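# Survey of secondary and tertiary structure
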Amino acid sequence: MSTSRVGPLLCALLCASTASCSKESPPVVAEQPSPARTVAGGASTPVRHVPLCEHKVPAELCTRCNPDLIDVFKSQDDWCSAHGVPESQCFQCNPNLTFTAQAAAPKDWCKEHAVPESKCTKCNPTLVAKFIEAGDYCREHGVPESVCPYCHPDLVKAAGAAPPVFPEPGTRVRLASDETAREAGIQTRRVEKRPFAPTLEVVGKLDFNNNRRAQLSTRGDARIAEVRADVGDEVEAGQPLVVVTSGEVAENQGRLVSAQARIQAARAALMRQQALVTDGISARKHLEQARADLVAAETESAAAAVSLVASGASPRGQEGIHVLNAPFAGTVVSRDAVPGRLVGAGQTLLEVADLSTLWALLEVPEADASQVRAGQPVTLSFESMPGQTRQATLTRVGASVDPATRTVRARVELPNPGGALKAGLFLRARVQVAAEHPALLVPREAIQRAEGRTLVFVKKGAGLYEPVAVELGARTLELVEVVKGLSEGQEIVTTGAFLLKTEILKGSIGAGCCESSEGQ
């Protein structure tokens, strides 16, 4: 067993972090100073101490504090089976072992491409075939997938190296001439700061206002006798719409008539008993019984009347006939009532809606739902009405996500003067999700993405363009807010930016040439 060996994982993590151990005991810092470490070439590199845990090893590498690391060290052949710890941490095998972190990148490291030198396929193209055969090749970035600094930036950080810079400082694209730029379709515009309100684009449709919508139906089985309104008819509150006959209604009407007759008889009997009691002819208990009979008859009559009213029938009706009336002024929007048809309880016969307002039901993606709140301004446009928009305010936002569509439903109450809008129309809505503020706005086509960076091309002179990394903010269908990287007045490429991007990618073939500060 070797006396001193620090595995690749140890070297990487020592360079990456100085966090304390997950245990509660305070970290211990090695007190004995260590000399500068000599790296390849004999150069001395400054070193620094790292936090140690209670087991006197680097806190984030301790397999006793972090048992999940055991398999990692074993996979790197860094394990002392005799003592149950990584060989690079075994004090019994290496009594003079100390832990320091090196400020420089690892020896096996390609600074230019931020990958291990032994795996750098850009410096050593002959390695490409081997990694492709092994299924370990990132075709997008031209390096092994397992060490790709763009797909796995954490590996670069763990190695204590600087991430790759793309494009390299001083990179520019020079076209042969202004004529070449025109032939290539290059167009530019100056960046301007103007008022901007971040918006969210969603889709939806119109529907009736459910607060002003009524579905007329019967409480029990019935037969339709007459239909007095049809789809499209405007009706007034209380207007008769459907006449039906119902056995349940007929029964309640019979109960009401019987109860009313009993009331009259009970009142007459009560008057007689009062007279007899006054004359001392009848016992007082007979008077109390007469009063109880009157109360029972009145209760039965009231119950029958309430049942008739609840079913929509008039207490004065006969033969089981009752009428369904319009509950408010509106328009008949659907009909399923046919004279002579038998219908069941709850079956909708006619539907009446007040069309003076409609609901716009918006489908907000769950990822954007946190930005949407009631009271935000909304601009609505309709596919069947090109060029027309309506301004409104968001009135409600749902509290749950639809499991099928993964959207949250939001609602706008939209005035509909003249009934021009129809329920069921598809629409697009632009919700203003933040206050208006001055912003640098560029067209979406000006934004390009390459090697994990977001870029725009700034014109530096005739046929000369420089890629600039930017950070983006809110966006609309046409424009994107740039929050960092550009300043007002700069001239950027809009149409043709994709062509310039191909020029700065390795192996591209285009109409110009890519320059760098090193090569000038």
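Computed from a predicted model, the values in this text were never measured in an experiment. (Residues numbered from 1 in each chain as written. Predicted model: local features only at pLDDT ≥ 70, side-chain atom pairs only at ≥ 80, totals over all residues. Heavy atoms only, no water.)

One open sheet holds the four strands; their spatial order is β15-β14-β12-β17, and the pairing between them is antiparallel. Two strands in the sheet have a free side with no partner beyond their single neighbour: β15 (321-325) and β17 (342-343). Relative to β15, strand β14 (residues 240-245) is paired through five bridges, and the arrangement is antiparallel. In the sheet register, V242 faces β15, and the bridge partner there is L324. (Pairing = 2+ DSSP bridges. Helix = DSSP H or I, 4+ residues; strand = E, 2+ residues; numbered from the N terminus.)

A separate point is the pattern of salt bridges. As enumerated under the stated definition, the model contains 15 salt bridges in all. Close ionic contact of E363 with R409 constitutes a salt bridge, the shortest N to O distance being 2.7 Å. One end of the pair, E363, is in strand β19 (residues 357-365); the other, R409, is in strand β22 (residues 407-415), and 46 residues separate them in sequence. Classification of R409 as partly exposed rests on a relative accessible area of 42%. Overlapping salt bridges bring together R172, K460 and E466 as one network. (Salt bridge = Lys/Arg side-chain N within 4 Å of Asp/Glu carboxyl O. Buried < 20%, exposed > 50% of the residue type's maximum accessible area, 1.4 Å probe, protein only.)

Looking along a regular strand, one sees the side chains alternate between the two faces of the sheet. In terms of strand pairing, strand β12 (residues 222-227) meets β17 through two bridges, oriented antiparallel. The partner of R223 across the bridge, within β17, is L342. Summarising the sheet, β12 and β14 pair through four bridges and their orientation is antiparallel. Residue pairing for β14: I224 is matched across the bridge by V244.

Within the secondary structure, E351 sits in strand β18 (residues 350-353). At 2.4 Å, the side chain of E351 forms a polar contact with the side chain of R213. Sequence-distant contacts of E351, that is, excluding residues within four places in its chain, are made with R213, A214, Q215, T331, V332, V333 and S334. (Polar contact = N/O pair within 3.5 Å; in protein donor to acceptor, adjacent residues only side chain to side chain. Contact = heavy atoms within 4.5 Å.)

Moving on, we get to helix α8 (residues 497-504). Residues spaced three or four apart along an α-helix point in a common direction, a consequence of the helix completing one turn every 3.6 residues. Of all eight residues in α8, six are buried; the element is thus mostly enclosed. Every buried residue belonging to α8 is among A497, L500, K501, T502, E503 and I504, and all of these are buried.

Let's shift gears to the packing of aromatic side chains. Throughout the structure, instances matching the rule amount to zero aromatic pairs. Cation over ring: R212 sits above F328, and NZ or CZ is 4.4 Å from the ring centre. (Phe/Tyr/Trp six-rings, centres within 6.5 Å; stacked < 30°, edge-to-face > 60°. Lys NZ or Arg CZ within 6 Å of the ring centre and 35° of its normal.)

Where the residue is not glycine, phi is negative for most of them; where a peptide bond is considered, it is trans in most cases. The backbone phi angle of K56 is positive, close to 65°, even though this residue is not glycine. Within the element layout of this structure, K56 appears in the loop between β5 (51-52) and α2 (70-75). Of note, A114 is a non-glycine position whose phi angle comes to about 55°, a positive value. Along the chain, A114 turns up in the loop between β6 (100-102) and α3 (128-133). Using a relative accessible area of 0% as the deciding quantity, one classes A114 as buried.

In this section: the side chain of T357. Secondary-structure assignment places T357 in strand β19. There is a polar contact of 2.9 Å between the side chain of T357 and the side chain of N209. Excluding anything up to four places from it in sequence, T357 contacts N209, E413, L414, P415 and N416.

Membership of the largest hydrophobic core comes to 27 residues, with the highest contact counts inside it found for L206, L362 and L380. For this core, the elements supplying multiple residues, two or more each, are β10 (199-208), β19, β20 (377-382), β21 (385-397), β22 and β23 (426-432). Judged by nonpolar contacts, the second largest core, of 19 residues, contains V227, V244, V332 and L349. (Core = buried A, V, L, I, M, F, W, Y, C linked by side-chain atoms within 4.5 Å.)

Taking strand neighbours around the barrel as the criterion, the six strands line up as β10-β19-β22-β21-β20-β23 in a closed arrangement whose pairing is antiparallel. Pairwise comparison of adjacent strand axes, ignoring direction, gives a mean angle of 40° for this sheet. Bridge analysis of β10 against β23 gives seven bridges, and the strand direction is antiparallel. What sits directly across from E201, in β23, is R430. (Axes fitted to C-alpha atoms, helices over the stretch in contact; angles between N-to-C directions.)

Its location among the elements puts T405 in the loop between β21 and β22. On the basis of relative accessible area, T405 is assigned to the partly exposed category, the value being 45%. Separated by 39 residues in the primary sequence, T405 and E366 have C-alpha atoms spaced 9.2 Å apart. In terms of polar contacts, T405 uses its side chain to reach the side chain of T407, at 2.7 Å.

Take it as geometry only, folks, not as evidence of what the structure does.
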